[in-house]
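Residue-level listing of the chains:
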Amino acid sequence: MIRAGVLSDTHLSRPDSLFVRQVAACFADCDVIIHAGDLTSLAVLEAFRGKTVHAVCGNMCDSGVRSRLPEQMQFSLGPFTIGLTHGARLGADHENALWNLFPEVDCIVYGHTHRPVCQRYGSTLFLNPGSFCATGLYGAPGSFALLEAGEELAARIADVTPIR
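The following refers to the structure shown. (Residues numbered from 1 in each chain as written. Predicted model: local features only at pLDDT ≥ 70, side-chain atom pairs only at ≥ 80, totals over all residues. Heavy atoms only, no water.)

**A few points about the pattern of salt bridges**
Counting across every chain of the model gives three salt bridges. Arg-3 is the partner of Asp-29 in a salt bridge, and the nearest nitrogen-oxygen pair spans 3.6 Å. Of this pair, Asp-29 sits in the loop between helix 1 (17–26) and strand 2 (32–35) while Arg-3 sits in strand 1 (residues 2–7); the two residues are 26 residues apart in sequence, bridging distant segments of the chain. Assessed through its relative accessible area of 57%, Asp-29 is described here as exposed. Between Glu-71 and Arg-89 there is a salt bridge; the shortest N-O distance is 3.8 Å. Placement of the pair is Glu-71 in the loop between helix 2 (63–68) and strand 4 (72–77) and Arg-89 in the loop between strand 5 (80–85) and helix 3 (94–101), with a sequence separation of 18 residues. Residues joined by salt bridges that share partners form a network here, namely Arg-3, Asp-29 and Glu-148. (Salt bridge = Lys/Arg side-chain N within 4 Å of Asp/Glu carboxyl O. Helix = DSSP H or I, 4+ residues; strand = E, 2+ residues; numbered from the N terminus. Buried < 20%, exposed > 50% of the residue type's maximum accessible area, 1.4 Å probe, protein only.)

Printed below as a string of structure tokens:
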């Protein structure tokens with residue numbers, strides 16, 4: 001079983017101590033981190049040292065991030081193929097646009113909307129972890145997803161636990 005922590009829309013210029021503590025609490029059991037963009041600065045990835053990281057840039061990322069990270073990518077998580085993009089500039093019909101980007105994957109991970117989604121369309125899992133740093137709508141807490149690849153691919157959305 002491979003367990004991946006999935007987050008997006010951190011919007012940080014550097015990993016402050018609160019972020020580092022939240023990451024440690026949320027992703028302690030994860031060997032893999034998937035960041036769906038808008039990390040804003042590459043320094044944010046320092047919080048995941050020692051883990052395998054798959055990350056893409058988003059529309060709010062600085063030029064350093066955009067020059068180092070792709071806008072979209074595919075990778076394997078165990079026997080499953082994952083498509084990863086931030087999701088900016090896809091238009092109002094995200095699902096159709098995502099299908100067009102990744103027509104043959106088992107799971108599509110995206111961000112941008114700050115709204116968590118964990119839903120299957122046919123055999124494809126669509127996963128948006130929401131915004132990790134509590135920038136969700138209407139004061140919603142931060143959220144993330146846990147993605148498990150074993151015999152099957154399963155995911156769930158969780159709220160970031162407040163840490164002081």
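Now that the structure is up, let's keep going.
**Re unusual backbone geometry**
In most cases, non-glycine residues show a negative phi, while peptide bonds are predominantly trans. Of note in this structure, Asp-9 is not a glycine but carries a positive phi near 50 degrees. Mapped onto the elements of the fold, Asp-9 is located in the loop between strand 1 and helix 1. Even without a glycine there, the phi angle at His-11 is positive, about 50 degrees. Considering the arrangement of structural elements, one finds His-11 in the loop between strand 1 and helix 1. Accessibility expressed as a relative area gives 30% for His-11, which makes it partly exposed.

**Notes on the packing of aromatic side chains**
Under the defined criterion, the tally for this structure stands at eight aromatic pairs. Consider the rings of Phe-27 and Phe-132, whose centres lie 5.8 Å apart with planes at 25 degrees: the pair is stacked. Taken as a pair, Phe-27 in the loop between helix 1 and strand 2 and Phe-132 in the loop between strand 8 (124–128) and strand 9 (143–149) lie far apart in primary sequence, 105 residues in all. Take Phe-27 and Phe-132: they sit in the same class, and that class is buried. Linked through ring pairs, Phe-19, Phe-27, Phe-48, Phe-132 and Phe-144 together constitute an aromatic cluster. (Phe/Tyr/Trp six-rings, centres within 6.5 Å; stacked < 30°, edge-to-face > 60°.)

**Side note on the sheet that holds strand 2**
Across the sheet, five strands lie side by side as 3-2-1-9-10; this open sheet has mixed pairing. Across the chains shown, the open sheet's two edge strands, defined by having one partner strand only, are strand 3 (52–55) and strand 10 (153–159). When strand polarity is set aside, the average angle formed by the axes of neighbouring strands in this sheet is 20 degrees. Sheet topology places strand 9 next to strand 10; seven bridges connect them, and they run antiparallel. Within strand 10, the position partnered with Ser-143 by the bridge is Asp-159. (Pairing = 2+ DSSP bridges. Axes fitted to C-alpha atoms, helices over the stretch in contact; angles between N-to-C directions.)

**Looking at the nonpolar core**
One broad trend across soluble globular proteins is that nonpolar side chains are buried collectively. Counting 21 residues, the largest nonpolar core has Leu-7, Phe-19, Phe-27, Leu-39, Phe-48, Phe-132 and Phe-144 as the members making the most contacts within it. Listing elements by their share of this core, those giving two or more residues are helix 1 and strand 9. Residue contacts for Phe-144: discarding those within four places in its chain leaves Val-6, Cys-26, Phe-27, Pro-129, Phe-132, Arg-156, Ile-157, Ala-158, Asp-159 and Val-160. Ala-4, Val-56, Ala-145 and Leu-147 belong to the second largest nonpolar core, which has 19 residues in total. (Core = buried A, V, L, I, M, F, W, Y, C linked by side-chain atoms within 4.5 Å. Contact = heavy atoms within 4.5 Å.)

**Side note on the environment of Leu-18**
Tracing the backbone through its elements, the reader meets Leu-18 in helix 1. Taking the C-alpha atoms as reference points, Leu-18 and Phe-102, 84 residues apart in sequence, are found 35 Å from one another.

**Observations regarding helix 3**
Those residues of helix 3 that sit buried are His-94, Ala-97 and Leu-98. In a view along the axis of helix 3, the buried residues occupy a sector of 100 degrees, so they form one face of it. The inward-facing, buried residues of helix 3 contact strand 5, strand 6 (107–109) and strand 8. (Arc of directions from axis to C-beta.)

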